[in-house]
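Next come the chains, spelled out residue by residue.
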Amino acid sequence: MSARDIRLAAMRLFGRQGYTATPLSAIAAAVGIKAPSLYAHFRSKEDLFRTVFDEAVDMELQELMAAVSPEAALPDGLERYLRETVGRFESTLHLPFLLRSIYLPPPGLTAHIRERDKVFAAELARRVEQTLLRQTTAAPLGMPPEEAALAFIGILRGIHAELLYAGPGAAQRLTQALWRVYARALRPDRI
């Protein structure tokens with residue numbers, strides 16, 4: 001049992017049950033220790049949650065950076081990130097936890113969650129805008145890069161909400177529809 005094991009168990013349980021419904025004893029049991037042993041690694045349940053939340057944000061930023069890299073062609077990297085988001089919701093621990101935490105924040109932790117979510121959104125906007133600016137040399141965009149980046153964030157937020165409230169199947173259909181509209185808006189000359 002390590003601090004990493006505890007964080008992964010907490011991510012899984014907080015993501016499934018929520019913060020309030022997950023006692024420290026359940027996290028401890030999931031890693032095979034007694035609840036007081038958790039305090040050797042984390043000061044409190046809030047400390048554990050903040051640590052896990054920050055880790056989940058960093059994990060999603062890495063997913064973003066991999067998909068929207070300098071080598072990624074527009075719009076392939078952006079589309080891949082949206083589609084992989086739906087898949088990651090089913091295959092990872094961090095994304096269900098992250099979305100549940102952002103959309104259903106635990107009492108007392110809202111300020112921390114909002115601050116880290118702002119960091120994520122700012123980095124997302126910066127990366128998307130940079131990707132779009134690199135591509136404008138090949139063909140003009142149908143809108144300013146800043147506006148296109150904000151629209152992409154709106155699309156992603158809609159997909160996040162659909163994943164959380166309606167599930168992956170509905171989110172996949174929404175992703176396909178929104179991407180068609182967005183891709184046309186980016187390149188109206190290719191319609």
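Treat the numbers as computed from the prediction; the structure is a model and nothing was measured. (Residues numbered from 1 in each chain as written. Predicted model: local features only at pLDDT ≥ 70, side-chain atom pairs only at ≥ 80, totals over all residues. Heavy atoms only, no water.)

Colleague: Sorry, what's going on with the nonpolar core here?
Modeller: One recurring pattern in soluble globular proteins is that nonpolar side chains are buried together. Counting residues in each nonpolar core, the largest one holds 54 residues, and the members touching the most others are Ile-27, Leu-48, Leu-124, Phe-152 and Tyr-182. Of all the elements in the fold, those that place two or more residues in this core are helix H1 (3-17), helix H2 (24-31), helix H3 (45-67), helix H4 (76-91), helix H5 (94-103), helix H6 (110-135), helix H7 (145-166) and helix H8 (168-186). No other element matches H3, which puts nine residues into this core. Other than its neighbours up to four places away in sequence, Leu-48 contacts Ile-6, Ala-10, Phe-14, Leu-24, Ile-27 and Phe-42. (Core = buried A, V, L, I, M, F, W, Y, C linked by side-chain atoms within 4.5 Å. Buried < 20%, exposed > 50% of the residue type's maximum accessible area, 1.4 Å probe, protein only. Helix = DSSP H or I, 4+ residues; strand = E, 2+ residues; numbered from the N terminus. Contact = heavy atoms within 4.5 Å.)

Colleague: How should I be thinking about the pattern of salt bridges in this particular structure?
Modeller: Pairs can form between side chains of opposite charge whenever their charged atoms are close. Under the counting rule described, the total for this entry stands at 12 salt bridges. Among the ionic pairs, Asp-54 bridges to Arg-116, the shortest N-O distance being 3.1 Å. Linking Asp-54 in helix H3 with Arg-116 in helix H6, this pair joins segments that are 62 residues apart in sequence. On the basis of relative accessibility, which here comes to 22%, the residue Asp-54 falls in the partly exposed class. Ionic pairing is found between Glu-79 and Arg-83, a salt bridge with its closest N-O pair at 2.9 Å. Of this pair, Glu-79 and Arg-83 both sit in helix H4, four residues apart, roughly one helical turn. Residue Glu-79 is classed as partly exposed on the basis of its relative accessible area of 22%. (Salt bridge = Lys/Arg side-chain N within 4 Å of Asp/Glu carboxyl O.)

Colleague: Just to check I follow, could you spell out the side chain of Thr-22 for this structure?
Modeller: Relative to the helices and strands, Thr-22 resides in the loop between H1 and H2. Excluding residues within four positions of it along the chain, Thr-22 makes contact with Leu-13, Phe-14, Gln-17, Ile-27 and Lys-45.

Colleague: Can you help me understand the packing of aromatic side chains in this one?
Modeller: When we look at a pair of aromatic rings, we describe it by the centre distance and by the angle of the planes. If you walk through the whole model with that rule in mind, you get nine aromatic pairs. Measuring from centroid to centroid gives 6.1 Å for Phe-49 and Phe-53, while their planes differ by 15°, and the two rings are stacked. Residue Phe-49 and its partner Phe-53 are located together in helix H3, separated by four residues, close to a single helical turn. Owing to a relative accessible area of 0%, Phe-53 belongs among the buried residues under this scheme. Centre to centre, the rings of Trp-179 and Tyr-182 are 5.5 Å apart; their planes meet at 50°, and the pair counts as tilted. Of the two residues, Trp-179 and Tyr-182 are both situated in helix H8; the distance of three residues between them amounts to about one turn of the helix. According to the relative accessible area criterion, Trp-179 is buried, its value standing at 6%. A relative accessible area of 3% places Tyr-182 in the buried class. In this structure an aromatic cluster arises from ring pairing among Phe-14, Tyr-19, Phe-49, Phe-53 and Phe-97. One cation-aromatic arrangement involves Lys-45 over Tyr-19; the distance from NZ or CZ to the ring centre is 4.4 Å. (Phe/Tyr/Trp six-rings, centres within 6.5 Å; stacked < 30°, edge-to-face > 60°. Lys NZ or Arg CZ within 6 Å of the ring centre and 35° of its normal.)

Any functional reading would require information beyond the geometric quantities listed.
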